[in-house]
Amino acid sequence: MTGTDTARSRNAERATLDKATAENFPVAPFFLPRAWRDDLMAVYGFARLVDDIGDGDLAPGGADARLLGVSAEDAGDRLVLLDAFEADLRRVFDGTPRHPLLRRLQPTVRRCSLTPEPFLGLIAANRQDQLVKRYETWDDLLAYCELSANPVGRLVLAVTGIATPERIRRSDAVCTALQIVEHLQDVAEDLGRDRVYLPAEDMKRFHVQEADLAAPTAGASVRALVAYEAQRARVLLNEGDPLVGSVHGRLRLLLAGFVAGGRAAVRAIAAAEYDVLPGPPKPGKLRLLREVGVTLRGEG
């Protein structure tokens, strides 16, 4: 690898990791031990990169494709990139990966005895995004979240050494809720990618057409639909809330941050009167801190 390629590789890696600050929840907050922060950022780097591949949001210049051994001709083919990324993931477990974010992940996998399954789930979700653009029912959407969101929570539990069947169940509820909330924030952006994550049966119930989602602002029907889905996310967050009380100390604060991030985002959507079409409603830091306090006190 030339010096120029090395610089591009580092820039691509940094561009991916820098996106952590834009998430609805703290990825690797300062109050955690350094080893946990490093491991969580390694997991985040994987999850963010696979999403960027699936969304076509890789850093300019094609450095990621070259690192994965994908030719310039195929660099725009997301399924080819995802296949190459999966092959490189498997090297994490039995060899030496090519991509720097996967090399960064390898010590975490070994130290925490992580298995390939959650990582493969995230790749499968992004493959599905290339093939499935609409979801007929709520259950269909939940099945997608089982691949696209829940593996992240399971990895957090594994990295911190607190995974139990009950905590996994609660974590799945929180992660699914966070995914639903993100879909609500990004209705317009997703439509621009020819994706609709609002269940078709719910759109029919509220008399919402896809053309309504392309408007500059939401009409009454769209707002009612978004409010309905936001309430479903609230229920899932409440279902997952006991996860926070099941741990202590800094871990409790970490998990409270995830739940509070979802609640703060739902409140931001409500504050926008459920009009998500002009752009994603985002909570401010003060609102997030208030929600953390409420969650820690068990008042959610």
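The structure reproduced in this document is the subject of the present report. (Residues numbered from 1 in each chain as written. Predicted model: local features only at pLDDT ≥ 70, side-chain atom pairs only at ≥ 80, totals over all residues. Heavy atoms only, no water.)

### Quick word on the overall build of the chain
Next up, step 1: Helices and strands together make up the secondary structure of the chain, namely 16 helices and zero strands.
Next up, step 2: Each of the three principal axes of the chain carries a C-alpha extent, and together these read 55 × 45 × 30 Å.
Next up, step 3: Looking at the chain as a whole, 49% of its 300 residues qualify as buried.
Next up, step 4: Of all intrachain contacts in the chain linking residues separated by at least 6 positions in sequence, the fraction that spans at least 24 positions is 70%. (Helix = DSSP H or I, 4+ residues; strand = E, 2+ residues; numbered from the N terminus. Buried < 20%, exposed > 50% of the residue type's maximum accessible area, 1.4 Å probe, protein only. Contact = heavy atoms within 4.5 Å.)

### Digging into the side chain of Asp88
Next up, step 1: Take Asp88: it is sitting in helix H4 (residues 78-94).
Next up, step 2: Relative accessible area serves as the criterion here: at 0%, Asp88 is assigned to the buried category.
Next up, step 3: Within polar-contact distance, the side chain of Asp88 engages the backbone nitrogen of Arg98 at 2.7 Å.
Next up, step 4: What Asp88 contacts, discounting residues up to four positions off in sequence, is Leu68, Pro97, Arg98, His99 and Leu102. (Polar contact = N/O pair within 3.5 Å; in protein donor to acceptor, adjacent residues only side chain to side chain.)

### Observations regarding the packing of helix H15 (residues 249-271) against helix H16 (residues 285-296)
Next up, step 1: Closest axis-to-axis distance for the H15/H16 pair is 8 Å, and the angle between their directions is 125 degrees. The orientation of H15 with respect to H16, classified from their angle, is oblique. Between H15 and H16 lies a crossing whose hand is right-handed. Judged by residue contacts, Arg252, Leu253, Ala256, Gly257, Val259, Ala260, Gly261, Arg263, Ala264 and Arg267 of H15 engage Arg287, Leu288, Glu291, Val292, Thr295 and Leu296 from H16.
Next up, step 2: Its residues assigned to classes, the contact of H15 with H16 comprises eight nonpolar, three polar and five charged. (Axes fitted to C-alpha atoms, helices over the stretch in contact; angles between N-to-C directions. Parallel < 35°, antiparallel > 145°, perpendicular 65-115°, else oblique. Left-handed = near helix turned anticlockwise from the far one by under 90°. Nonpolar A, V, L, I, M, F, W, Y, C, P; charged D, E, K, R; others polar.)

### Some words on the pattern of salt bridges
Next up, step 1: Scanning all chains against the criterion turns up 26 salt bridges.
Next up, step 2: Measuring nitrogen to oxygen at the nearest pair gives 3.6 Å for the salt bridge that ties Glu136 to Lys204. Note that Glu136 is positioned in the loop between helix H6 (117-131) and helix H7 (138-148) and Lys204 in helix H11 (residues 200-205), a separation of 68 residues in sequence.
Next up, step 3: Judged by relative accessible area, Glu136 falls into the partly exposed class, the value being 40%.
Next up, step 4: For Lys204, a relative accessible area of 58% translates into the label exposed.
Next up, step 5: A salt bridge links Arg193 to Glu189, with the nearest nitrogen and oxygen atoms 3.0 Å apart. (Salt bridge = Lys/Arg side-chain N within 4 Å of Asp/Glu carboxyl O.)

### Examining the nonpolar core
Next up, step 1: One finds Phe46, Phe85, Leu105, Phe119, Leu198, Leu213 and Leu254 to be the most contacted residues of the largest nonpolar core, which totals 78 residues.
Next up, step 2: Of all the elements, H15 adds the most residues to this core, at nine residues.
Next up, step 3: Every residue in contact with Phe119, bar those within four places of it in the chain, is listed here: Phe46, Leu89, Phe93, Leu105, Val109, Leu114 and Leu155. (Core = buried A, V, L, I, M, F, W, Y, C linked by side-chain atoms within 4.5 Å.)

### Looking at the packing of aromatic side chains
Next up, step 1: Going through the model one piece at a time under the given rule, you end up with eight aromatic pairs.
Next up, step 2: Summarising the aromatic geometry, the rings of Phe30 and Phe31 are spaced 5.7 Å apart at their centres and angled 80 degrees between planes, so their arrangement reads as edge-to-face.
Next up, step 3: Under the relative-accessibility criterion, Phe30 is labelled exposed at 72%.
Next up, step 4: The exposure class assigned to Phe31 is buried, which follows from its relative accessible area of 19%.
Next up, step 5: Here the aromatic rings of Tyr135 and Tyr144 are separated by 5.4 Å at their centres, their planes lie at 45 degrees, and the arrangement is tilted.
Next up, step 6: An aromatic cluster is present here, built from Phe46, Phe85, Phe93 and Phe119 joined pairwise through their rings. (Phe/Tyr/Trp six-rings, centres within 6.5 Å; stacked < 30°, edge-to-face > 60°.)

### Concerning the side chain of Asn126
Next up, step 1: For Asn126, the location among the structural elements is in helix H6.
Next up, step 2: Judged by relative accessible area, Asn126 falls into the buried class, the value being 3%.
Next up, step 3: Discounting chain neighbours no more than four positions away, the residues touching Asn126 are Val50, Asp51, Gly54 and Leu82.

### Quick notes on the packing of helix H13 (residues 220-240) against H15
Next up, step 1: Between H13 and H15, the least distance of the axes is 10 Å, while the angle of their chain directions is 160 degrees. One finds that H13 runs roughly antiparallel with respect to H15. In this structure, the crossing between H13 and H15 has a hand that is left-handed. Along the contact surface, H13 presents Val226, Ala230, Ala233, Arg234, Leu237 and Asn238, while H15 presents Val259, Gly262, Arg263, Val266, Ile269 and Ala270.
Next up, step 2: Residues that form the contact of H13 with H15 fall into these classes: eight nonpolar, two polar and two charged.

### Focus on the environment of Leu251
Next up, step 1: Among the secondary structure elements, Leu251 is positioned in helix H15.
Next up, step 2: Residues contacting Leu251, with those up to four places away along its chain left out, are Trp36, Thr160 and Ile162.

### So, unusual backbone geometry
Next up, step 1: Positive phi, normally seen in glycine, also occurs at Ser113, with a value near 55 degrees.
Next up, step 2: Within the secondary structure, Ser113 sits in the loop between helix H5 (100-112) and H6.
Next up, step 3: For Ser113, a relative accessible area of 60% puts it in the exposed group.

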